[in-house]
Amino acid sequence: MKKVLFYLPAALAIGVLAYFLYGFWGRLLDSWEILLAQAGVVLVFVLSAVLLDRGHWLGCIPEIALGCWFIWLGVNNQSPIIDEKLVGIALAAYYAVCGVVSWHSRRR
């Protein structure tokens, strides 16, 4: 059951990417940079989940870095839509716990 939880943020990121692909297709063609950035984030989520699933705790490091980047965005930008600090704190904490669980299960 705990290995399924490694893939939860990756599935959510794929769902968000699919929503933007099918929901905002007309506007997305104008800004291909956004599509490329989202595809890169989805790729990082999936690769980290695969590494954590195989017992490599180092798979949590890119996601913790992504969480720290979200925290930095939330501190420096005044975005009225989304508070990136909370998302970053939740993401970094979630993947820190996943890394500890993966490291602990690998030690056994």
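Throughout, residues of each chain are indexed from 1 in the direction in which the sequence is written. With pLDDT at 70 or above as the cut-off, local features in this predicted model cover only qualifying residues; side-chain atom pairs require 80 or more to be listed or tallied, and sums for whole chains, interfaces and linings still use all residues. The basis for the side-chain values is all heavy atoms of the structure; hydrogens and waters are excluded.

## Focus: the packing of helix α4 (residues 32–53) against helix α5 (residues 61–76)
Then step 1. Inter-axis angles, ranging from 0 to 180 degrees, are taken between N-to-C directions of lines fitted to C-alpha atoms, where helices are fitted over the stretch in contact. For helices the rule is a DSSP run of H or I covering at least 4 residues; for strands it is a run of E covering at least 2, with both sets numbered from the N terminus onward. For the pair α4 and α5, the least separation of the axes is 9 Å and the interaxial angle reads 140°. In this view, α4 runs oblique relative to α5, as classed from their interaxial angle. Each of V41, V44, F45 and S48 in α4 lies in contact with α5, whose residues at this interface are P62, E63 and L66.
Then step 2. Side-chain classes are defined by residue name, with Ala, Val, Leu, Ile, Met, Phe, Trp, Tyr, Cys and Pro counting as nonpolar, Asp, Glu, Lys and Arg as charged, and the others, Gly among them, as polar. Looking at the contact of α4 with α5, its residues break down into five nonpolar, one polar and one charged. In this scheme, roughly parallel covers angles under 35 degrees and roughly antiparallel covers those over 145, while 65 to 115 is roughly perpendicular and the rest are oblique. Contact between two residues is taken to exist if any of their heavy atoms lie within 4.5 Å; hydrogens are not considered.

## Some thoughts on the environment of P62
Then step 1. By the element assignment, P62 lies in helix α5.
Then step 2. Sequence-wise, P62 and F45 are 17 residues apart; in three dimensions their C-alpha atoms are separated by 8.5 Å.
Then step 3. Ignoring sequence-local partners within four residues, the contact set of P62 consists of V44 and S48.

## With respect to the environment of K85
Then step 1. Position of K85 relative to the elements: it lies in helix α6 (residues 84–107).
Then step 2. In sequence terms K85 and W69 are 16 residues apart; their C-alpha atoms lie 9.1 Å from each other.
Then step 3. The residues touching K85, leaving out its near neighbours within four places in the chain, are F70, I71, G74 and V75.

## Some remarks on the packing of aromatic side chains
Then step 1. Each Phe, Tyr or Trp ring (for Trp, its six-membered ring) is paired with any other whose centre lies within 6.5 Å, and the angle between the two planes then decides the class: stacked below 30 degrees, edge-to-face above 60, tilted in between. For the coordinates displayed, the defined rule picks out three aromatic pairs.
Then step 2. Between F45 and Y95 the ring centres are 6.4 Å apart and the planes differ by 35°, which places this aromatic pair in the tilted class. In this pair, F45 is assigned in helix α4 and Y95 in helix α6, connecting sequence segments 50 residues apart. Neither F45 nor Y95 differs from the other in exposure class; each is buried.
Then step 3. Between W69 and F70, the aromatic rings sit 5.6 Å apart at their centres with planes inclined by 35°, giving tilted as the arrangement.
Then step 4. Here's how the labels work: a residue is buried when its accessible area is under 20% of the maximum for its type, exposed when over 50%, partly exposed in between, all with a 1.4 Å probe on protein chains only. Overall, F70 belongs to the partly exposed group, its relative accessible area being 22%.

## Digging into α5
Then step 1. By this rule the span expected of a helix is its residue count minus one, scaled by 1.5 Å. With 16 residues, α5 extends 22 Å from end C-alpha to end C-alpha; this agrees with the ideal 22 Å at 1.5 Å per step.
Then step 2. Residues of α5 that are buried: E63, L66, G67, L73 and G74. One face of α5 carries all of its buried residues, which in axial projection span an arc of 115°.
Then step 3. Buried-residue contacts for α5 involve α4 and α6. Read the arc as the range of directions from the helix axis to the C-beta atoms.

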